[in-house]
Amino acid sequence: MNIMILGPQGSGKGTQAELLVKQFGFNYVEMGEILRSIANSNNPKAEEIKGYLNSGKLVPDEFVRTVAWDHISKKESSLREKKKGFIFDGYPRSVAQFEQLEDMLRRFGKKIDKLIYITIPEEESIKRLSARRDCTKCGRIWNQITNPPPGPETCECGGKLTQRGDDQPEAIKNRLGIFHANTGPILKKAREEGILTEVDGERPIEAIHEEIVKELGL
Ligand code: AMP
């Protein structure tokens, strides 16, 4: 089974994807994280990608397609042996990317079985993202409201916490605007294909997880 998890920034889609990975062993494709690691590598496109990330703009579809293909084709055969699927988080983010992904999966005789859309209001997104802190040492993500770190700017591992460049108010608004403009058509397409499930993201993490597991029939 291959799943897409979509939701506005701060909806908790990453948390839900990780719970599904832990419990069912899916292969996790978190596009934002993959792009951030490319931006911090010696990839010739690193600086260009960093520019998109810091402004909250979407990285061009063609680059994202190459990254996704690289990931899917590398993992596909081992997943097939283990009868596991992919969870795509933050990808696709446009109908063009949706169609690219369907096409890539089709080449392996696979499809997107379900799109889980986690909903939260815009004010809640802004509130949650402004409170998010990443550990510079172990990479763990904290939230000063929903999942507070041991010290105001310190991780459990002792590492220093920072705020992502694109979690500043202007970039957050930019990202949310882009998200909503692009997501509407994706949801419409998923609804037409009968694979859309909407889940209310303003509830405890466990309750959301249970509903998703039930919806997926796992
Ligand atoms: P996220 O961690 O999902 O909030 O993504 C952070 C940033 O990565 C976005 O603001 C975009 O600049 C970029 N990004 C993530 N996923 C995609 C995608 N599917 N297509 C284009 N850009 C993306």
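Coordinates for the structure precede this section.
In what follows, the accompanying structure is described. None of the values given here were measured: they were computed from a predicted structure.

Across its full length, the protein chain holds eight helices and eight strands. Rg of the C-alpha trace for the protein chain: 17 Å, near the compact-globule value of 17 Å for 218 residues, within the 12% margin. Dimensions of the protein chain along its principal axes, counting C-alpha atoms only, are 50 × 45 × 35 Å. A buried classification covers 46% of the 218 residues belonging to the protein chain. Within the protein chain, residue pairs in contact and separated by at least 24 positions form 69% of the contacts whose partners lie at least 6 positions apart.

Think of a sheet as strands paired side by side through backbone hydrogen bonds, with each pair either parallel or antiparallel. Spatially, five strands are ordered E2-E3-E1-E4-E8 in an open sheet, and the strand pairing comes out parallel. A single partner strand is all that each edge strand has here, and the edge strands are strand E2 (27-30) and strand E8 (196-200). When the angles between neighbouring strand axes are averaged without regard to direction, this sheet yields 20 degrees. Running at roughly 165 degrees to E8, helix H8 (residues 205-216) makes contact with strand E1 (3-6), strand E4 (114-119) and E8 of the sheet.

Next up on the list: the site of the ligand. As a matter of local geometry, the ligand sits amid 19 residues, with Lys57, Val59, Arg93, Gln97 and Arg175 nearest to it. In the environment of the ligand, an oxygen atom lies 2.6 Å from a nitrogen or oxygen atom belonging to the backbone of Lys57. With respect to the ligand, the side chain of Gln97 contributes an N or O atom lying 2.9 Å from a nitrogen atom. Calculation on the ligand without its partners gives an accessible area of 480 Å², and the protein chains cover 97% of this total. Counting only elements with at least two residues in the shell around the ligand, the list comes to helix H2 (31-39) and helix H3 (46-55). Class assignment for the residues of the shell around the ligand results in eight nonpolar, four polar and seven charged.

Within the largest apolar cluster, 32 residues are counted, with the highest numbers of intra-cluster contacts made by Met4, Leu35, Ile49, Phe88, Tyr91, Leu101 and Leu115. For this core, the secondary-structure elements that each account for two or more residues are E1, H2, H3, helix H4 (61-82), strand E3 (86-89), helix H5 (95-106), E4 and helix H7 (169-192). With residues up to four places along the chain from it excluded, the contact list for Phe88 reads Ile3, Met4, Ile5, Val29, Ile72, Leu101 and Leu105.

Moving on: the sheet that holds strand E5 (residues 132-135). Reading across from one edge, E6-E5-E7 is the order of the three strands in this open sheet, with antiparallel pairing throughout. Looking at strand neighbours, the two that pair on one side only are strand E6 (141-143) and strand E7 (161-162), the edges of this open sheet. With three bridges joining them, E5 and E6 adopt antiparallel strand pairing. If you follow Arg133 over to E6, its bridge partner there is Trp142.

Here we take up the pairing of E5. Each regular strand shows side chains that alternate between the opposite faces of the sheet. Going residue by residue along E5, you find Arg132 and Asp134 tucked away on one face and Arg133 and Cys135 tucked away on the opposite face as well. Where E5 folds back onto E6 in an antiparallel hairpin, the turn is made up of five residues, including Gly139, whose phi is positive at roughly 85 degrees. One ladder, built from two bridges, connects E5 with E7; its direction is antiparallel. Bridge pairing in E7 links Cys135 to Leu161.

As a further point, take unusual backbone geometry. Each neighbour pair has its own omega, and for Tyr91 with Pro92 the value is 0 degrees, a cis peptide bond. Within the secondary structure, Pro92 sits in the loop between E3 and H5.

So, about the pattern of salt bridges. Counting across every chain of the model gives 23 salt bridges. Its salt-bridge partner being Glu33, residue Arg36 comes within 3.3 Å of it at the nearest N-O pair. Linking Arg36 with Glu33, this pair stays in helix H2, spanning three residues, or about one helical turn. Its relative accessible area of 38% is what places Glu33 among the partly exposed residues. The closest approach of N and O atoms between Asp166 and Arg175, which form a salt bridge, is 3.7 Å.

Procedures and definitions
- Residues numbered from 1 in each chain as written.
- Predicted model: local features only at pLDDT ≥ 70, side-chain atom pairs only at ≥ 80, totals over all residues.
- Heavy atoms only, no water.
- Helix = DSSP H or I, 4+ residues; strand = E, 2+ residues; numbered from the N terminus.
- Rg over C-alpha atoms; globule rule 2.2 N^0.38 Å.
- Buried < 20%, exposed > 50% of the residue type's maximum accessible area, 1.4 Å probe, protein only.
- Contact = heavy atoms within 4.5 Å.
- Pairing = 2+ DSSP bridges.
- Axes fitted to C-alpha atoms, helices over the stretch in contact; angles between N-to-C directions.
- Near = heavy atom within 4 Å.
- Polar contact = N/O pair within 3.5 Å; in protein donor to acceptor, adjacent residues only side chain to side chain.
- Areas by Shrake-Rupley, 256 points an atom, 1.4 Å probe, with all protein chains shown as cover.
- Nonpolar A, V, L, I, M, F, W, Y, C, P; charged D, E, K, R; others polar.
- Core = buried A, V, L, I, M, F, W, Y, C linked by side-chain atoms within 4.5 Å.
- Salt bridge = Lys/Arg side-chain N within 4 Å of Asp/Glu carboxyl O.

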